[in-house]
Amino acid sequence: MRESLLGWHHYRYLKWALALLVISVVLYATQGGSGAAQPANGGTWQGYVLGTVGALLIVWLSALGIRKRSYRSNAGTVQGWASAHVYLGTILLVVATLHCALQFGINVHTLAYVLMCAVIFSGFFGLYAYLHLPGRLAALESGVDQQGRLEELAKVDGRIRDASERCDANLQSLVISALELTRVGGSAWQQLLARDRSRVMIPGADDQKSRAASNTEQEVVLRHLAARIPDARKQSEAEVLNELLALFGRRQVLLHQLRREVQLRGLLKIWLYVHIPLTAGLLVALLVHIVVVFLYW
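Residues numbered from 1 in each chain as written. Predicted model: local features only at pLDDT ≥ 70, side-chain atom pairs only at ≥ 80, totals over all residues. Heavy atoms only, no water.

Turning our eyes to something else, we now look at the nonpolar core. Grouped together as the largest cluster of nonpolar side chains are 30 residues, with contacts concentrated most on Tyr-13, Ile-58, Leu-88, Leu-92, Tyr-113, Met-116 and Leu-282. Mapped by element, the contributors of at least two residues to this core are helix 1 (8-29), helix 2 (45-62), helix 4 (78-100), helix 5 (108-141) and helix 11 (272-295). Considering each element in turn, this core owes the most residues, ten residues, to helix 4. In contact with Leu-282, other than residues within four places in its own chain, are Ile-58, Ala-112, Leu-115, Met-116 and Val-119. (Core = buried A, V, L, I, M, F, W, Y, C linked by side-chain atoms within 4.5 Å. Buried < 20%, exposed > 50% of the residue type's maximum accessible area, 1.4 Å probe, protein only. Helix = DSSP H or I, 4+ residues; strand = E, 2+ residues; numbered from the N terminus. Contact = heavy atoms within 4.5 Å.)

Shown next, in the form of structure tokens:
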């Protein structure tokens with residue numbers, strides 16, 4: 001059985017993180033008090049220890065990206081590093097908060113703290129994506145990958161075009177416009193939302209012009225086809241309407257699966273576009289924070 005990231009080696013890094021939590025709280029608790037020279041803050045020896053531990057953790061946790069790309073490295077498994085990244089990265093919130101003793105201001109020290117929190121919380125989303133989205137993606141694909149689904153969609157569209165040639169001009173126009181005005185993908189934001197922006201041109205009565213309408217999930221064209229079947233005057237007309245209805249029904253399923261697949265793949269990656277730049281910003285702010293602290297020591 002494949003060992004999970006969180007339970008790696010019997011929760012080794014969870015135990016390490018809990019031990020670090022206890023040590024940090026004990027260190028913090030030894031500051032201040034009635035006989036102390038100064039209240040708890042980052043400038044006491046305990047505060048310096050907590051700050052040093054926090055800084056070392058940040059640098060080490062940031063090295064996960066390097067370790068993932070070092071395929072010949074013997075410095076532990078990637079899964080072990082990732083498990084440590086999750087637990088020790090989470091406990092870093094406590095270590096850094098105790099280090100600064102909740103003393104915040106408009107300065108580079110607070111900026112480093114804010115960036116660290118942003119990195120950690122974006123990492124929480126990454127953990128959620130890593131644990132839950134691959135399973136949903138696999139269930140959605142069910143043995144058919146994106147390319148296979150696109151190829152089937154192209155075949156369905158071809159059959160719809162062929163069948164539409166046996167329809168009257170208005171219905172043919174509506175059906176072809178539904179094919180041509182279908183939208184999949186779009187901007188990164190549209191892909192993440194998985195919104196269907198498909199449209200269809202509805203022919204006007206008599207001399208009226210056609211008008212464009214939203215065709216989300218192919219619903220307009222499906223309703224139009226279903227409504228026309230009872231009014232079919234010939235068996236051949238009913239047959240082609242039923243054929244088109246079935247084909248658009250399959251098209252609806254394929255398009256929904258494609259959009260959902262694009263959305264899940266986007267969610268698996270999008271958090272990294274936030275997490276990595278924030279981590280780089282955190283390292284710079286951390287360096288400035290340390291330099292400033294030693295300049296005024």
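Once the structure has been displayed, the description carries forward.
This paragraph deals with the UniProt feature "transmembrane region" (unreviewed entry) in the protein chain. This chain's UniProt record puts "transmembrane region" (unreviewed entry) on residues 45-66, 86-106, 112-131 and 270-296. Along residues 45-66 one finds 95% helix and 0% strand; the C-alpha atoms at either end are 32 Å apart. (UniProt positions renumbered as here; feature names shortened; annotations may be inferred.)

Where nonpolar side chains cluster on the molecular surface, the patch consists of Leu-287, Val-291, Leu-295 and Tyr-296 and spans about 500 Å² of accessible area. Residue position: Tyr-296 is located in the segment after helix 11. (Patch = residues over 30% accessible without salt bridge, like charges linked within 9 Å, V, L, I, M, F, W, Y side chains within 5 Å. Areas by Shrake-Rupley, 256 points an atom, 1.4 Å probe, with all protein chains shown as cover. Salt bridge = Lys/Arg side-chain N within 4 Å of Asp/Glu carboxyl O.)

Once their charged atoms are close, side chains differing in charge can pair, the charge on each being opposite to the other. This structure, assessed with the given rule, holds eight salt bridges. For the salt bridge of Asp-157 with Arg-251, the shortest nitrogen-to-oxygen distance reads 2.6 Å. Residue Asp-157 is found in helix 6 (residues 146-164), and its partner Arg-251 is found in helix 10 (residues 235-270); the two are separated by 94 residues along the sequence. Pair check on accessibility: Asp-157 and Arg-251 agree, each one buried. Among the salt bridges present, the one from Arg-265 reaches Glu-261, with a minimum N-O distance of 3.4 Å. Here Arg-265 pairs with Glu-261, and both are found in helix 10, just four residues apart, close to one helical turn. Connected through salt bridges with shared partners, the residues Arg-149, Glu-261 and Arg-265 form a single ionic network.

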